[in-house]
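# Understanding the architecture of this molecule
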Amino acid sequence: MNKYVKILNKTENSIELELVGDDHSLCNLLKDILLEKTDKVIMASYDIDHPVLNPETGKYITNPKLILKTVEGVEPTEVLKDALKEIITLCNESLKSVME
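Residues numbered from 1 in each chain as written. Predicted model: local features only at pLDDT ≥ 70, side-chain atom pairs only at ≥ 80, totals over all residues. Heavy atoms only, no water.

## Re the pattern of salt bridges
All chains considered together, the criterion is met by 4 salt bridges. Between Glu75 and Lys10 there is a salt bridge whose closest N-O contact spans 2.9 Å. Linking Glu75 in the loop between β4 (65-70) and α2 (76-99) with Lys10 in strand β1 (residues 5-11), this pair joins segments that are 65 residues apart in sequence. Its relative accessible area of 31% is what places Glu75 among the partly exposed residues. (Salt bridge = Lys/Arg side-chain N within 4 Å of Asp/Glu carboxyl O. Helix = DSSP H or I, 4+ residues; strand = E, 2+ residues; numbered from the N terminus. Buried < 20%, exposed > 50% of the residue type's maximum accessible area, 1.4 Å probe, protein only.)

## With respect to the sheet that holds strand β3 (residues 41-47)
Spatial strand order, β1-β2-β4-β3: 4 strands in an open sheet with antiparallel pairing. Bordering the open sheet on either side are β1 and β3, each of which pairs with just one other strand. In this sheet, adjacent strand axes meet at a mean angle of 15° when their direction is disregarded. For strand β2 (residues 14-19) and β4, the ladder comprises 5 bridges, and the chain directions are antiparallel. Bridging from a neighbouring strand, Ile15 pairs with Leu68 of β4. Packing against the sheet, helix α1 (residues 24-35) makes contact with β2, β3 and β4, and its axis sits at approximately 170° to β3. (Pairing = 2+ DSSP bridges. Axes fitted to C-alpha atoms, helices over the stretch in contact; angles between N-to-C directions. Contact = heavy atoms within 4.5 Å.)

## Topic: the nonpolar core
The biggest cluster of nonpolar side chains holds 17 residues, and the ones touching the most others in it are Leu30, Leu34, Leu66, Leu68, Val79 and Leu80. Secondary-structure elements contributing two or more residues to this core are β2, α1, β3, β4 and α2. In this structure Leu68 touches Asn13, Ser14, Ile15, Leu34, Val41, Met43, Ala44, Pro76, Val79 and Leu80, once residues within four positions along its chain are discounted. (Core = buried A, V, L, I, M, F, W, Y, C linked by side-chain atoms within 4.5 Å.)

## Considerations on the side chain of Lys31
Here Lys31 is to be found in helix α1. Aside from chain neighbours lying at most four places away, what touches Lys31 is Ala44, Ser45 and Tyr46.

## Focus: the packing of α1 against α2
Look at α1 against α2: their axes get within 10 Å of each other, and the N-to-C directions meet at 115°. If you check the angle between α1 and α2, you find them roughly perpendicular. Viewed along their axes, α1 and α2 form a crossing whose handedness is right-handed. Between α1 and α2, the contacting residues are Leu26, Leu29, Leu30, Ile33 and Leu34 on the first element and Val79, Leu80, Ala83, Leu84, Glu86 and Ile87 on the second. (Parallel < 35°, antiparallel > 145°, perpendicular 65-115°, else oblique. Left-handed = near helix turned anticlockwise from the far one by under 90°.)

Put into C-alpha cells, the structure is as follows:
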C-alpha cells in the first residue's frame, strides 16, 4: 500500500481511495477529468469529512476520499490511471508553454 494513496474499498466497477495529505486541489481536478469520460464513468466524486485546518500546517486534518464508479466491464483503476496521466500531460504542456 502506498503512503499517499490508501485503497479503502474496491469492487469490479468501483473504487474508493483516501488521498493522504491532499486537499481539494487534486481531488477536484481528478473528479472533473473523470466525469468527462462519460462512456466509462457513472459517478466520480470526493468528500472531506470535516474541513478543519491544522493550525501548524494549514492542511486539512482529515484526508479527502475519492469515489469512482464505472460502467459494467470497465476497470476503475485503469480509468483512474488514464485520468492521472491526463493531469500529468496537462501539467507538462502548461510548463512547456510558460517556458517558451
